[in-house]
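# Tertiary structure, described
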Number of protein chains: 2
Amino acid sequence: MNHPLARPVFFLSDSTGITAETLGNTLLTQFPQERFDRDTIPFVTSQEQAIEAVARIDGLADIGPRPIVFSTAVNSEIRAILSRSGGLLIDFFGTHIGGLEATLNSPASGEPGQAHGLGNVARYQSRMAAVEYALEHDDGQSIRALEHAELILLAPSRCGKTPTTMYLALQHGLLAANFPLVEEDFERGMLPPLLLPHLSKCFGLTSDPVRLSQIRSERRRESKYASLRQCRYEVREAEEMYLAKKIPYVNSASMSVEEIAATILQRMHLHH
Amino acid sequence: MNHPLARPVFFLSDSTGITAETLGNTLLTQFPQERFDRDTIPFVTSQEQAIEAVARIDGLADIGPRPIVFSTAVNSEIRAILSRSGGLLIDFFGTHIGGLEATLNSPASGEPGQAHGLGNVARYQSRMAAVEYALEHDDGQSIRALEHAELILLAPSRCGKTPTTMYLALQHGLLAANFPLVEEDFERGMLPPLLLPHLSKCFGLTSDPVRLSQIRSERRRESKYASLRQCRYEVREAEEMYLAKKIPYVNSASMSVEEIAATILQRMHLHH
C-alpha cells in the first residue's frame, strides 16, 4: 500500500491543535506501514484562514497522495470551507455534534465556547499557583505549607517524580510536592519523618532496576549511583517502605508522564 | 431543556482519557444550558473492564437522563461492548477509522499502537531532560548551556514565563530557558546583555496592565510591584525592547498556557 510520496496529514484547529494531533495520531498508528508527513495548522478562527488552509491542502492533493485533515474546528462556516478541500476531512467536531443535539434535544450554540482563553482565567491562575507550588516543593526542597499539598510524590532518584509533579500542576492545577528517597532513608529503613503526618497524601513511584540504571548512567556513568546493584537495592527498599506504610505506588518504568499522572489521579481519587 | 438531574458524562479510554476529555468537553461547551456530571474511566484495556464500565453507565441510565460516553478506545471488542450500553456512545476512534481504511486502502492493525508506554521511552527521557533544563534555567537562574536552549522566553514578572516553559518542556520536550525583565533592565532600557548572542531564540511575553496588576496583587497587595502604574510601565518598556530587537512577542493576558505555547511554536517555527 506504500506510496512513493509520504501522505500529507494536517491537524487543524481553531485552538492549539493538540487534541486533533493526539486523536489523529492515535488513528494513524493503526497504519504503521504508511508514511505520513504531518503538519499542524492551529488557530484557524476566520474564513480567510480556512480558505488559506484549503489552498495548502489542495496544492498537495494535486501532486501526491490525498491529504488527510483532522479537524477540531467548531465554527460551521469554517467546517464548510474545509469540507470543500480535496483532502479527506476527519471532522471530529461536526461528526459528533448532531448526535449530541438529538440526545440533548437542544441545538448547539455554535460558539467556540469557553474551553480556552478568558473563560479560563481562574484555571490559568490555579495552574500558575500549582506550578509555583511544585517548583517550591520539588525534590524535597521545602516543607512550607506542606499541609496544603493535595499529593506528595515519593521515589528514588530518576523514577519520574519531577516531570509527573509538573504535569499534574500544569494539566490539573494539583498542588503536588515531591520528595526523594535517599541513602539515609534506606539505611534508617523508614520514610523521612516529616512525611509521617501526611501519609494519606503520599504516592510512591518505583522503576525497573535495569531501566533505572540506564537512566542514571546518562547522568553519572560508572557511578555507584547508577550501578544496577544500587538501583536494585533502592527499588527494593522503596517498595518495602511503601508497603509498610500502605502507600499506593506504581512502577513508572514503561509509562509516559501522562499515564503516571492519570494512574495517580485514579488511585488517589483526586478529582480534576 | 434542563433536567432535574445532571446528565452523566463518561470519558472512557484505554489510556489516560485526556483526549476523550478534551474533545468531549469541547463538544459539551456547545450546550451551556445543560448540567453534566463528568467522570473519567481511564485505562480500560480488557473486556472485563469494559463490561464493568457498561454496568456503571447502565446503572445511571436506569435512574436518570441518558448518559453520554465519549470513548477513544481502540480495541474493537471493547468498542463493541461499549456500544451495547444504554448511554449515547460517541466513539471517536471507531467512527473515523473506516474512512481512513478506505482512503489508505489498507486495514487498521487493530493494535493499540505505540502512542504510549514503552514505545515512548525516548520521548519520556527527552521530556525529562527538558524539564530539568527548564528547572535549571527558570527565571534566569542559570546561563549554563544557554547555547543549547531552543527557546528563551522573556517577560516581566507574572506574565506566564514559568508555566509556559514547563509546558513546552513537558509536552514537546523543548529545551527552554526563561528570563525575567526587571527594573534594572528597564532603567538601562535594554535587554540583559547575556541574551544578546541569543536574540534569534528569544520570544517575549507581555500582558494587559490591568490583568497583570490583579495577578501581582494576589502576591503582594498594595505594593509598587502590583500597582497599575508600575504594570503599565513594565509592559510598555518590555514591548519597546522586543520591538527594538525584533523579538516576536505575544500578549498572554487572555490565553491559556497551551495557547501561549502553541503560538510560540508557530511563530518561532519550532517543530514538535
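About the thresholds
Residues numbered from 1 in each chain as written. Chains lettered and ligands numbered in written order. Predicted model: local features only at pLDDT ≥ 70, side-chain atom pairs only at ≥ 80, totals over all residues. Heavy atoms only, no water. Helix = DSSP H or I, 4+ residues; strand = E, 2+ residues; numbered from the N terminus. Rg over C-alpha atoms; globule rule 2.2 N^0.38 Å. Buried < 20%, exposed > 50% of the residue type's maximum accessible area, 1.4 Å probe, protein only. Contact = heavy atoms within 4.5 Å. Lys, Arg positive; Asp, Glu negative; His and termini not counted. Charge placed at Lys NZ, Arg CZ, Asp CG, Glu CD. Expected span 1.5 Å × (residues − 1). Arc of directions from axis to C-beta. Pairing = 2+ DSSP bridges. Axes fitted to C-alpha atoms, helices over the stretch in contact; angles between N-to-C directions. Least-squares fit on C-alpha atoms with pLDDT ≥ 70 in both. Right-handed = clockwise from strand over helix to strand, strands pointing away. Phe/Tyr/Trp six-rings, centres within 6.5 Å; stacked < 30°, edge-to-face > 60°. Parallel < 35°, antiparallel > 145°, perpendicular 65-115°, else oblique. Nonpolar A, V, L, I, M, F, W, Y, C, P; charged D, E, K, R; others polar. Buried area = accessible area lost by both parts, 1.4 Å probe. Salt bridge = Lys/Arg side-chain N within 4 Å of Asp/Glu carboxyl O. Core = buried A, V, L, I, M, F, W, Y, C linked by side-chain atoms within 4.5 Å. Domains from an automatic or database assignment.

### Let's talk about the overall build of chain A
Scanning chain A from terminus to terminus reveals 10 helices and eight strands. What you see for chain A is a C-alpha radius of gyration of 24 Å, clearly larger than the 19 Å of a compact globule of 272 residues, by over 25%. Relative to its 272 residues, chain A shows a buried fraction of 56%. A fraction of 70% describes how many contacts in chain A between residues 6 or more apart in sequence connect residues 24 or more apart. Separation of charge centres in chain A, based on 26 positive and 32 negative side chains, amounts to 7 Å.

### What about helix H2 (residues 47-61) of chain B?
Residues and elements named next belong to chain B. With 15 residues, H2 should reach 21 Å at 1.5 Å per residue; the first-to-last C-alpha distance of 20 Å fits that figure. Taken together, the buried positions of H2 are occupied by Ala50, Ala53, Val54 and Ile57. Viewed along the axis of H2, the buried residues span an arc of 100 degrees, placing them on a single side of the element. In H2, the exposed residues that point more than 90 degrees away from the buried face are Glu48, Ile51 and Glu52.

### Regarding the sheet that holds strand S5 (residues 151-156) of chain A
All names here are of chain A. Sheet architecture is open: four strands sit in the order S6-S5-S7-S8, paired in parallel fashion. Each edge of the open sheet is held by one strand with a lone partner, namely strand S6 (176-181) and strand S8 (249-251). Between one strand axis and the next, the sheet turns through 20 degrees on average, direction left out of account. Against the sheet, helix H6 (residues 161-172) contacts S5, S6 and strand S7 (202-206), and its axis sits at roughly 160 degrees relative to S5.

### Considerations on the relation of the copies chain A and chain B
Relative to chain B, chain A is turned by 180 degrees and slid 0.0 Å along the rotation axis, the superposed coordinates differing by an RMSD of 0.1 Å. In the structure described here, the two chain copies are related by an operation that fits a two-fold rotation axis. Measuring from the rotation axis to each C-alpha of chain A, the shortest distance belongs to Thr19 of chain A, at 3.1 Å. When the interface residues of chain A are mapped onto chain B, 100% of them are again interface residues, pointing to one common binding face.

### Comments concerning the pairing of strand S4 (residues 88-91) of chain A
Residues and elements named next belong to chain A. Strand direction decides the pairing type here: strand S3 (residues 68-71) and S4, joined by four bridges, are parallel. Among the inter-strand pairings, Ile68 is bridged to a residue of S4, identified as Leu88. In this fold, S3 hands off to helix H3 (residues 76-83), which returns the chain to S4; that crossover is right-handed.

### Description of the packing of aromatic side chains
Residue and element names in this part refer to chain B. In total, this model carries eight aromatic pairs over all chains according to the counting rule given. With a centroid separation of 5.8 Å and 10 degrees between ring planes, the pair formed by Phe70 and Phe92 is classed as stacked. With Phe70 in strand S3 (residues 68-71) and Phe92 in the loop between strand S4 (88-91) and helix H4 (94-104), this pair connects stretches of sequence that are 22 residues apart. By relative accessible area, which is 0% here, Phe70 ends up buried. Judged by its relative accessible area of 0%, Phe92 falls in the buried class. Pairing Phe186 with Tyr233 gives two aromatic rings, centres 5.8 Å apart and planes at 70 degrees, and the pair type is edge-to-face.

### Focus on the sheet that holds S4 of chain B
Residue and element names in this part refer to chain B. A sheet is described by the order of its strands in space; here four strands give the open sequence S2-S1-S3-S4, paired in parallel fashion. At either margin of the open sheet sits one strand with a lone partner, and together these are strand S2 (36-41) and S4. Taken pair by pair, the neighbouring strands of this sheet meet at an average axis angle of 20 degrees, ignoring direction. Pairing analysis gives six bridges linking strand S1 (residues 7-12) to S2, with the strands arranged parallel. Bridging across to S2, Val9 finds its partner in Arg38.

### Section: the packing of helix H6 (residues 161-172) of chain B against helix H10 (residues 257-267) of chain B
Residue and element names in this part refer to chain B. Look at H6 against H10: their axes get within 9 Å of each other, and the N-to-C directions meet at 70 degrees. Regarding the angle of H6 to H10, the classification is roughly perpendicular. Every residue of H10 that contacts H6 at Pro163, Thr164, Tyr167, Leu168 and His172 is listed here: Val257, Glu258, Ile260, Ala261, Ile264 and Leu265. Split by residue class, the contact of H6 with H10 holds eight nonpolar, two polar and one charged.

### Thoughts on the interface of chain A and chain B
Counting residues at the interface gives 86 residues for chain A and 87 residues for chain B. Roughly 7,200 Å² of surface becomes buried between chain A and chain B when both sides are summed, with 67% attributable to carbon and sulfur atoms. Along the contact surface separating chain A from chain B lie six salt bridges. Elements with a minimum of two residues in the side of chain A that touches chain B: helix H1 (18-28), S3, S4, helix H4 (94-104), helix H5 (121-136), H6, helix H8 (209-219) and helix H10 (257-267) of chain A. Sorting elements by how many residues they give to the side of chain A that touches chain B places H5 of chain A first, with nine residues. Here the residues of the side of chain A that touches chain B sort into 39 nonpolar, 30 polar and 17 charged.

### Some points on the nonpolar core
Counting 98 residues, the largest nonpolar core has Leu151 and Leu154 of chain A together with Leu151 and Leu154 of chain B as the members making the most contacts within it. Filtering out sequence-adjacent residues up to four positions away, Leu154 of chain A remains in contact with Lys161, Phe179, Leu181, Leu191, Leu195, Cys202, Phe203, Gly204, Leu205, Tyr242 and Ile247 of chain A.

### Notes on the domain arrangement of chain A
Often, the extent of an interface is quoted as the loss of accessible area upon association of its parts. What the domain assignment reports for chain A is domain 1 (7-104) and domain 2 (121-267). One C-alpha centre belongs to domain 1 of chain A, the other to domain 2 of chain A; they are set 39 Å apart.

### Comments concerning the environment of Met166 of chain A
Here Met166 of chain A shows up in helix H6. Overall, Met166 of chain A belongs to the buried group, its relative accessible area being 0%. Aside from chain neighbours lying at most four places away, what touches Met166 of chain A is Ala134 and Leu135 of chain A together with Val131, Leu135, Met166 and Leu170 of chain B.

### Some points on helix H9 (residues 228-244) of chain A
Residues and elements named next belong to chain A. Over its 17 residues, H9 runs 24 Å from end to end, which matches the ideal 24 Å to within 8%, given 1.5 Å per residue. Buried within H9 are the following residues: Gln230, Cys231, Glu234, Val235, Glu237, Ala238, Met241 and Tyr242. The elements touched by buried residues of H9 are S5, S6, helix H7 (183-188), S7, H8 and S8. Count one or two residues on from H9 and you reach Lys246, which has phi positive near 55 degrees.

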